[in-house]
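# Observations on the three-dimensional arrangement
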Amino acid sequence: MAGISRAIRACAAASRRSLAAASAAALPKEAPAAGVRAPAAATGRKGRDREDGRRVQWVFLGCPGVGKGTYASRLSQLLDVPHIATGDLVRDALAAPGPFSKQLTEIVNHGKLVSDEIIINLLSRRLVEGEEKGELGFILDGFPRTIRQAEILEGVTDIDLVINLKFREQALLAKCLGRRMCSQCGGNFNVASIDIEGEDGGPRIYMPPLLPPPQCESKLITRADDTEEVVKERLRVYHDLTEPVEEFYRARGKLLEFNLPGGIPESWPKLLEALNIEGPDNERSAAA
Ligand SMILES: Nc1ncnc2c1ncn2[C@@H]1O[C@H](COP(=O)(O)OP(=O)(O)O)[C@@H](O)[C@H]1O
């Protein structure tokens, strides 16, 4: 797909050039009229309704623990595009032995962002692999996370829609601390029980734990950066460096704000509705 290959070339070039030069070369395009563009790319359930044959190119924004991975992954299956999480790319890179992974671990385990050069390098490599496999779109999760990353992305490819997930701040820390993954099957679970009183006439939010099946119980692992101190730092970094990215896309009429009303059973059908996507018949019961 032309959009992706342009992005790859430019991202790869950006990782070689100084980022200042890359940002200058990738100056943002004219802002379209204010207001979120109707997510027309999503109206066909498989997102195949564009004339050029490409599928959706979406971005998920939102604080750590909000559920970007959960919803991005579900949508990617529904729309038949890859879910590309830069956090996963970073974790894969730090799992490989060597000095590079040591350097990355030091950054990630302190809740800091890795450099734009490193992340663009990892992302462009992933996009090249995808292009070789014939991928026709993407849902990005965890990128862009700085204004500079957003400017580079905006300068090299067309992002159709940016979904900004919001959840009650007081629950985010508990959600991160409760995350568990099965080291064998890769399944994601959460042992936290969230119960928050309604605010300003809003409903009470109750999210029961999402417990693993018995065969996964003894294999659960916790991310090294999901400790209280590090999650608080990641939330601070999000507010300082990533929140301005919301405004960047709002000004370009691409930001769709979505307040999660609760856990997956309540939120998933509402998100599909907001995106004008028709889920498969069994989707609602699967989410319930
Ligand atoms: N776009 C990015 N820019 C810089 N660092 C990133 C980016 N994406 C991921 N990382 C690094 O990987 C870590 C884990 O990312 P992620 O899984 O997306 O975390 P979160 O749960 O906080 O959203 C981040 O704390 C950061 O160190």
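Above this text sits the structure in question.
Note that the structure is a prediction, hence the values are computed from the model and not measured.

Our focus in this paragraph is the environment of Ile-163. The residue Ile-163 is located in strand 4 (residues 161–166) in this model. Since its relative accessible area comes to 0%, Ile-163 is described here as buried. Residues within four places of Ile-163 in sequence aside, it is in contact with Trp-58, Val-59, Phe-60, Leu-61, Leu-75, Leu-256, Leu-271 and Leu-275.

The next subject is the sheet that holds strand 2 (residues 83–85). Pairing in this open sheet of 5 strands is parallel, and the strands run 2-3-1-4-10 from one edge to the other. In the strand order of this sheet, the two ends are held by strand 2 and strand 10 (255–259), each with one partner. Averaged over all neighbouring strand pairs, the angle between strand axes comes to 20°, with direction disregarded. Looking at chain direction, strand 1 (residues 57–61) and strand 4 are connected through 4 bridges and run parallel. In the sheet register, Trp-58 faces strand 4, and the bridge partner there is Leu-161.

Within the structure shown, the criterion is met by 2 aromatic pairs. Ring plane angle 90° and centroid distance 5.1 Å describe the contact between Phe-248 and Tyr-249, whose orientation is recorded as edge-to-face. For the pair Phe-248 and Tyr-249, a shared accessibility class is recorded, and that class is buried. Taking the ring centre of Trp-268 as reference, the NZ or CZ of Arg-74 above it sits at 5.3 Å. One cation-aromatic arrangement involves Lys-175 over Phe-167; the distance from NZ or CZ to the ring centre is 5.3 Å.

Below, the discussion takes up the nonpolar core. Judged by nonpolar contacts, the single largest core of 63 residues is most densely connected at Trp-58, Leu-75, Ile-163, Tyr-249 and Leu-275. Contact partners of Tyr-249, with chain neighbours within four places excluded, come to Leu-61, Pro-144, Ala-150, Leu-153, Glu-154, Val-162, Lys-254 and Leu-255.

Before going further, it helps to examine the site of the ligand. Lining the immediate surroundings of the ligand are 18 residues, of which Thr-86, Lys-112, Gly-142, Gln-149 and Arg-234 lie closest. Within the backbone of Lys-112, a nitrogen or oxygen atom sits 2.6 Å from an oxygen atom of the ligand. Arg-223 places a side-chain nitrogen or oxygen 3.3 Å from an oxygen atom of the ligand. Relative to its unbound accessible surface of 550 Å², the ligand loses 97% to contact with the protein. Here the element with the most residues in the shell around the ligand is helix 4 (residues 86–95); it accounts for 4 residues.

Now for helix 5 (residues 99–108). By the burial criterion, the buried members of helix 5 are Ser-101, Leu-104, Ile-107 and Val-108. Burial along helix 5 is one-sided: seen end-on, the buried residues are contained in an arc of 120°. Exposed side of helix 5, more than 90 degrees from the buried face: Pro-99, Lys-102 and Glu-106 are the residues found there. Looking at the packing, one finds that the buried side of helix 5 touches helix 4, helix 6 (116–133) and helix 9 (228–251).

With that out of the way, let us pick up helix 9. With 24 residues, helix 9 should reach 34 Å at 1.5 Å per residue; the first-to-last C-alpha distance of 34 Å fits that figure. At His-239, helix 9 shows its largest kink, close to 40°. Turning to helix 9, its buried residues are Val-230, Val-231, Glu-233, Arg-234, Leu-235, Val-237, Tyr-238, Thr-242, Val-245, Glu-246, Phe-248 and Tyr-249. Gly-253 occupies a position one or two residues after helix 9 and carries a positive phi of about 70°.

A word on the pattern of salt bridges. What the rule picks out here adds up to 17 salt bridges. Between Asp-225 and Arg-234 there is a salt bridge; the shortest N-O distance is 3.8 Å. One exposure class covers both Asp-225 and Arg-234, and it is buried. Here Lys-232 ties to Glu-228 by a salt bridge, and the two come within 2.9 Å at their closest N and O atoms. With a gap of 4 residues between them, Lys-232 and Glu-228 both fall in helix 9, about one helical turn apart. The exposure class of Glu-228 is partly exposed, given its relative accessible area of 41%. The network of salt bridges with shared partners includes Arg-179, Arg-223, Asp-225, Asp-226 and Arg-234.

Turning to the environment of Gly-198, a few remarks are in order. Among the structural elements, Gly-198 can be located in the loop between strand 7 (194–196) and strand 8 (205–207). Setting aside residues no more than four positions away along its own chain, Gly-198 makes contact with Arg-168, Pro-203 and Arg-204.

With that settled, consider unusual backbone geometry. Residue Pro-144 is reached from Phe-143 by a cis peptide bond, and omega for that bond is 0°. Along the polypeptide, Pro-144 turns up in the loop between strand 3 (138–141) and helix 7 (147–156). One non-glycine residue, Asp-80, adopts positive backbone phi at about 60°. Inspection of the secondary structure assignment puts Asp-80 in the loop between helix 3 (68–79) and strand 2. Taking the relative accessible area as the measure of exposure, Asp-80 reaches 37% and is therefore partly exposed. If you check the backbone angles, Asn-276 has positive phi at about 60° while not being a glycine. Secondary-structure assignment places Asn-276 in the loop between helix 10 (264–274) and helix 11 (283–287). Using a relative accessible area of 45% as the deciding quantity, one classes Asn-276 as partly exposed.

Procedures and definitions
- Residues numbered from 1 in each chain as written.
- Predicted model: local features only at pLDDT ≥ 70, side-chain atom pairs only at ≥ 80, totals over all residues.
- Heavy atoms only, no water.
- Helix = DSSP H or I, 4+ residues; strand = E, 2+ residues; numbered from the N terminus.
- Buried < 20%, exposed > 50% of the residue type's maximum accessible area, 1.4 Å probe, protein only.
- Contact = heavy atoms within 4.5 Å.
- Pairing = 2+ DSSP bridges.
- Axes fitted to C-alpha atoms, helices over the stretch in contact; angles between N-to-C directions.
- Phe/Tyr/Trp six-rings, centres within 6.5 Å; stacked < 30°, edge-to-face > 60°.
- Lys NZ or Arg CZ within 6 Å of the ring centre and 35° of its normal.
- Core = buried A, V, L, I, M, F, W, Y, C linked by side-chain atoms within 4.5 Å.
- Near = heavy atom within 4 Å.
- Polar contact = N/O pair within 3.5 Å; in protein donor to acceptor, adjacent residues only side chain to side chain.
- Areas by Shrake-Rupley, 256 points an atom, 1.4 Å probe, with all protein chains shown as cover.
- Arc of directions from axis to C-beta.
- Expected span 1.5 Å × (residues − 1).
- Bend = angle between axes of the 7 residues up to and from the residue.
- Salt bridge = Lys/Arg side-chain N within 4 Å of Asp/Glu carboxyl O.

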